[in-house]
Amino acid sequence: MLVFNHSSFMTFTLMGIPGLESQHLWLSLPFFSMFLAILIGNSAVLFLVITEPTLHTPMYLFLALLMVTDLISTLTLMPKVLCLFWFNDRDIASSACFTQMFFIHGASVVRSALLVAMAFDRFVAVCEPLHYNTILSHSLVGRLGLLAVAKGVILILPMPLLLQRLTFCHRVIPHTYCDHMAVVKMACSHTRPNRIYGLFVILLVVGLDLLLIGFSYALILQAVVRLNSRDATFKALNTCSAHLFVILVTYVPALFSSVTHRIGQNIPPHAHILLSNLYLLLPSVLNPIIYGMKMKEIRVKVTKCLCRG
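Analysis parameters
- Residues numbered from 1 in each chain as written.
- Predicted model: local features only at pLDDT ≥ 70, side-chain atom pairs only at ≥ 80, totals over all residues.
- Heavy atoms only, no water.
- Helix = DSSP H or I, 4+ residues; strand = E, 2+ residues; numbered from the N terminus.
- Rg over C-alpha atoms; globule rule 2.2 N^0.38 Å.
- Areas by Shrake-Rupley, 256 points an atom, 1.4 Å probe, with all protein chains shown as cover.
- Disulfide = S-S within 2.5 Å.
- Axes fitted to C-alpha atoms, helices over the stretch in contact; angles between N-to-C directions.
- Left-handed = near helix turned anticlockwise from the far one by under 90°.
- Contact = heavy atoms within 4.5 Å.
- Buried < 20%, exposed > 50% of the residue type's maximum accessible area, 1.4 Å probe, protein only.
- Polar contact = N/O pair within 3.5 Å; in protein donor to acceptor, adjacent residues only side chain to side chain.
- Patch = residues over 30% accessible without salt bridge, like charges linked within 9 Å, V, L, I, M, F, W, Y side chains within 5 Å.
- Salt bridge = Lys/Arg side-chain N within 4 Å of Asp/Glu carboxyl O.
- Expected span 1.5 Å × (residues − 1).
- Bend = angle between axes of the 7 residues up to and from the residue.
- Phe/Tyr/Trp six-rings, centres within 6.5 Å; stacked < 30°, edge-to-face > 60°.
- Parallel < 35°, antiparallel > 145°, perpendicular 65-115°, else oblique.
- Nonpolar A, V, L, I, M, F, W, Y, C, P; charged D, E, K, R; others polar.

S.K.: Just to check I follow, could you spell out the overall build of the chain for this structure?
M.R.: Looking only at helices and strands, the chain features 11 helices and five strands. For 309 residues, the compact-globule estimate of 2.2 N^0.38 gives 19 Å, and the C-alpha radius of gyration of the chain, at 21 Å, lies within 12% of that figure. Over its C-alpha atoms, taken along the principal directions, the chain stretches across nearly 70 × 45 × 35 Å. Total accessible area computed for the chain in this model is approximately 15500 Å², and 71% of it derives from carbon and sulfur atoms.

S.K.: Quick question: what am I supposed to make of the state of the cysteines here?
M.R.: Each disulfide consists of a covalent bond between the sulfur atoms of two cysteine residues. Scanning the entire structure with this criterion turns up two disulfides. Between the sulfur atoms of C97 and its disulfide mate C178 the distance is 2.0 Å. As the torsion about the S-S bond is roughly -125°, the C97-C178 disulfide counts as left-handed. Taken together, the positions of C97 in helix α3 (residues 94–127) and C178 in the loop between β5 (172–173) and α7 (180–184) put the pair 81 residues apart, joining distant regions of the chain.

S.K.: How should the packing of α3 against helix α5 (residues 138–156) be read in this particular structure?
M.R.: The N-to-C vectors of α3 and α5 enclose an angle of 145°; their axes lie 8 Å apart at closest approach. With respect to the hand of their crossing, α3 and α5 are arranged in right-handed fashion. Contact with α3, carried on its side by M101, F102, H105, G106, V109, V110, A113, L114, A117 and F120, involves L140, L144, A148, V149, K151, G152, V153, L155 and I156 of α5 and no other residues of that element.

S.K.: For this particular structure, what's the right way to read the side chain of T250?
M.R.: Mapped onto the secondary structure, T250 falls in helix α9 (residues 230–263). Judged by relative accessible area, which is 9%, T250 ranks as buried. A distance of 2.8 Å separates a polar atom in the side chain of T250 from the backbone oxygen of V246.

S.K.: Help me understand a nonpolar patch on the surface, please; the structure alone is not making it clear to me.
M.R.: Among the surface-exposed residues, L25, F32, L36, I40, W86 and F87 lie close enough to one another that they form a single nonpolar patch of about 630 Å² accessible area. Only α1 (24–51) and α2 (58–87) provide two or more residues apiece to the nonpolar patch. By the element assignment, L36 lies in helix α1.

S.K.: Which parts of the structure should I look at to understand helix α10 (residues 269–294)?
M.R.: Along an α-helix, residues three or four apart share an orientation, since each turn contains 3.6 residues. When the terminal C-alpha atoms of α10 are compared, their 37 Å separation across 26 residues agrees well with the 38 Å that a helix rising 1.5 Å per residue should span. When the local axis directions of α10 are compared, the greatest deviation, roughly 30°, occurs at Y279, which is followed within four positions by the proline P283.

S.K.: Help me out: how do you make sense of the packing of aromatic side chains in this one?
M.R.: Centre-to-centre distance and the angle between the planes together describe a pair of aromatic rings. Considering all chains together, one arrives at eight aromatic pairs under this definition. For the pair W86 and F87, a centre-to-centre distance of 6.3 Å together with 75° between the ring planes defines the contact as edge-to-face. On the basis of relative accessibility, which here comes to 61%, the residue F87 falls in the exposed class. Feature note: the residues F12, F98 and F168 constitute an aromatic cluster, connected by ring pairs.

S.K.: Just checking my understanding: could you explain the packing of α5 against helix α8 (residues 192–225) for this structure?
M.R.: Angle between the axes and distance between the axes are the two parameters that describe a pair of packed helices. Where α5 meets α8, the closest approach of the two axes is 11 Å, and the angle between their N-to-C directions is 155°. Comparing the axis directions of α5 and α8 gives the class roughly antiparallel. Taking contact as the criterion, the partners of K151, I154, L155 and I156 in α5 are, on α8, Y197, F200, V201, L204, V205 and D209. Broken down by class, the residue content of the contact of α5 with α8 amounts to eight nonpolar, no polar and two charged.

Written out as structure tokens, the structure is:
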């Protein structure tokens, strides 16, 4: 068996989407369309939040951080995927592979942490509206943003570090990017610590973050039930609707992809890979659309910009 030492300048080969290699050129069309939609949509919302002083509120500052996270994740993923589809450029150096892994998975952790912070923001807006600006000061928003980034770095950095101790027997990764578990499966040495740590991160991020979000919304629902006015109830629920939609498009594909990856042995490999890409790209495509449709301030600013043009 040919063994590739991790310490050498080894190169992995990305297979792309197994079983659909002949369709890569056609598959590049929806991928490129999503790439453009993410760049345009997220950049437009980010530009509006930065340039409009009236949008310098906690909710929109968290939204801007979410847009930045989506852009980093997409710019780490898509250039290599499109090069693979268009030019059959499959090779990726181990250092570049581990770096890509760090930023893609790190961005996912940061995104999840920001959704928790945004749930807290909605809790304060509904339950403590008179103290909203006092509680959610710009300094607190900044600290929560730094905490989200720190969580992503601390939890994901051990993944590439643990991989560097492994010896690899295979170089062809059946994936479009350097997914942690896909790279772990390339090793012929003992990978149990890598697998346990990967599962620990998933349970901690998805489990704990969803628990905190659920707790926030339980308190919000409790406060909404006590409201006597139907208009006040509708306004309170409408305040949270955009965030709830974003939670759904973020966690449902992620959980579905994770479950099928572990127990869906009868699901074809190309379905696994497509789901894995979808859970990374779908939230970044839909977030600007959801917030653009649900947030009146963004709709007004976009309309003004279009009319001015």
